[in-house]
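# Chains, contacts and geometry: an overview
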Amino acid sequence: MHRWGKWGRSFVEYGTAAARAALADAGIDWQDVRSVVGADTVRGGYPGHVAGATFARALGWQGARVTSVYAACASGAQAIDSARAQILAGMAEVVLVVGADSAPKGFFAPAGGDRPDDPDWLRFRLLGATNPAYFALYARRRMALHGDTLDDFARVKVKNAAAGALNPYARYRTAVSAGQVASSAVVADPLRLLDICATSDGGAALVLSSMEYARRHGAGDPVRIRAVSTVTPTYPRTVLDLPDIATDSAAAVEPPAPGFRESIARAAYEEAALGPEDLSLAEVYDLSTALELEWYEDLGLCGTGDGAALLREGATALGGRIPVNASGGLASFGEAVPAQAIAQVCELTWQLRGTAGERQVAGARAGITTNQGLFGHGSAVVAVR
């Protein structure tokens, strides 16, 4: 990884640094890589660079095939999926996956121009519904349905900040108190500034290979990708999800069970032939504190509506039964959109290797990541040791 922050430099610099670190960690030369998959960098809410070729050029043209992937916040997981598919198909033995971004300050907004057929443009133009406004609506929904409180949301930030303080790659490395969360500025009621993740610069990279290649290069017991889930929603969608500004009607068709986010995790579990009870840790997409609680339930770590109770008992903190966001999460990193799903797998890798330092989850053997991209992009990765 390249440390997250606001460095004001090109995303190419961050991604190239992460790529070189990944190659050094794997003990292979850039010349040995036969494929590069880049998660496209976002510009004003839309992909702005064909990242596969961008990073291949920065590292030095050497003939490798390139692929570029855009799936909003799920871009990194889809890049991993593309790389894995190439390996399983016999098209390449070793693939470099890279994502990086230099994000604008403030919330993400669409680029200029009129696009009345674009739901992301419409939700800004017609509703003024920024991402924080949506996070706030979801927080209110949890409060109404499950009785979650502002104190519960603050506990998520306190937990993640404590983990992020131990992570040298995190942007924010300072513990915070519940009082500091409560006294931070209201951004979109009921969420405060410290309830919502920032936008950041950063980069992450992975070297993926076949098992045969890994063993030939001295990795007898490597971390393995057991599953990648990139499922889409099932009709009807009766819960509002950005960028859509309306839901499908449930008058004629019953809502699907499971719901979309739950189906992302379920597909990963089925492919990996394990369940939530087998996990050692999880890295989830905590765009806001309230959304992290929702992921606990979608991952099957607890029952519907029990996310806050799981948090209160300390189960999801470092040292708990199932640590969630041992890296510090987006609360400590901020969003560098094409890199974050890759960064989650970096964290799983370090944890499963037992090299995560002060934030190490004892005896980690299996972990899951989960994200969600705009436009119905699901994202989950299961890694095991």
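Criteria and thresholds
Residues numbered from 1 in each chain as written. Predicted model: local features only at pLDDT ≥ 70, side-chain atom pairs only at ≥ 80, totals over all residues. Heavy atoms only, no water. Pairing = 2+ DSSP bridges. Helix = DSSP H or I, 4+ residues; strand = E, 2+ residues; numbered from the N terminus. Axes fitted to C-alpha atoms, helices over the stretch in contact; angles between N-to-C directions. UniProt positions renumbered as here; feature names shortened; annotations may be inferred. 1 Å grid on protein atoms, 1.4 Å probe; cavity = no way out; pocket = protein on both sides within 12 Å on 5 of 7 lines; lining within 4 Å. Points joined across faces, edges and corners; volume = space filled by probe spheres on them. Nonpolar A, V, L, I, M, F, W, Y, C, P; charged D, E, K, R; others polar.

Turning our attention to the sheet that holds strand β11 (residues 281-284). On the basis of which strands lie adjacent, the open sheet formed by four strands has the order β10-β13-β12-β11 and mixed pairing. Each edge of the open sheet is held by one strand with a lone partner, namely β10 (224-229) and β11. Averaged over all pairs of adjacent strands, the angle between their axes in this sheet comes to 15 degrees, without regard to strand direction. Pairing of strand β12 (residues 366-373) with strand β13 (residues 377-384) involves eight bridges; the strand directions are antiparallel. Following the sheet pairing, Thr370 is matched in β13 by Ala380.

The residues that UniProt annotates with the feature "domain: Thiolase C-terminal" (unreviewed entry) are residues 265-381. In residues 265-381, helix accounts for 39% and strand for 15%; the two terminal C-alpha atoms are 9 Å from one another.

Below, the discussion takes up empty space enclosed by the protein. Rolling a probe over the atoms, with the probe sized like a water molecule, indicates the empty space that remains. For the coordinates displayed, the defined rule picks out four cavities of 30 Å³ or more. Put simply, the largest cavity is a space of about 380 Å³. As for the largest cavity, its lining consists of 25 residues, and the residues nearest its centre are Cys73, Asn131, Tyr285, Leu287 and Leu374. At the level of elements, α4 (119-127), α5 (131-146), α10 (289-298) and β12 are the ones that each hand at least two residues to the lining of the largest cavity. Split by residue class, the lining of the largest cavity holds 16 nonpolar, four polar and five charged. Empty space within the second largest cavity amounts to approximately 140 Å³. What lines the second largest cavity is a set of 16 residues, and nearest its centre among them are Glu283, Ser327, Gln340, Ala343 and Gln344. Of all the secondary structure elements, the ones that give two or more residues to the lining of the second largest cavity are β11, α12 (329-333) and α13 (337-353). Considering every element that reaches the lining of the second largest cavity, the biggest residue donor is α13, with four residues. A class-by-class count of the residues in the lining of the second largest cavity yields seven nonpolar, six polar and three charged.

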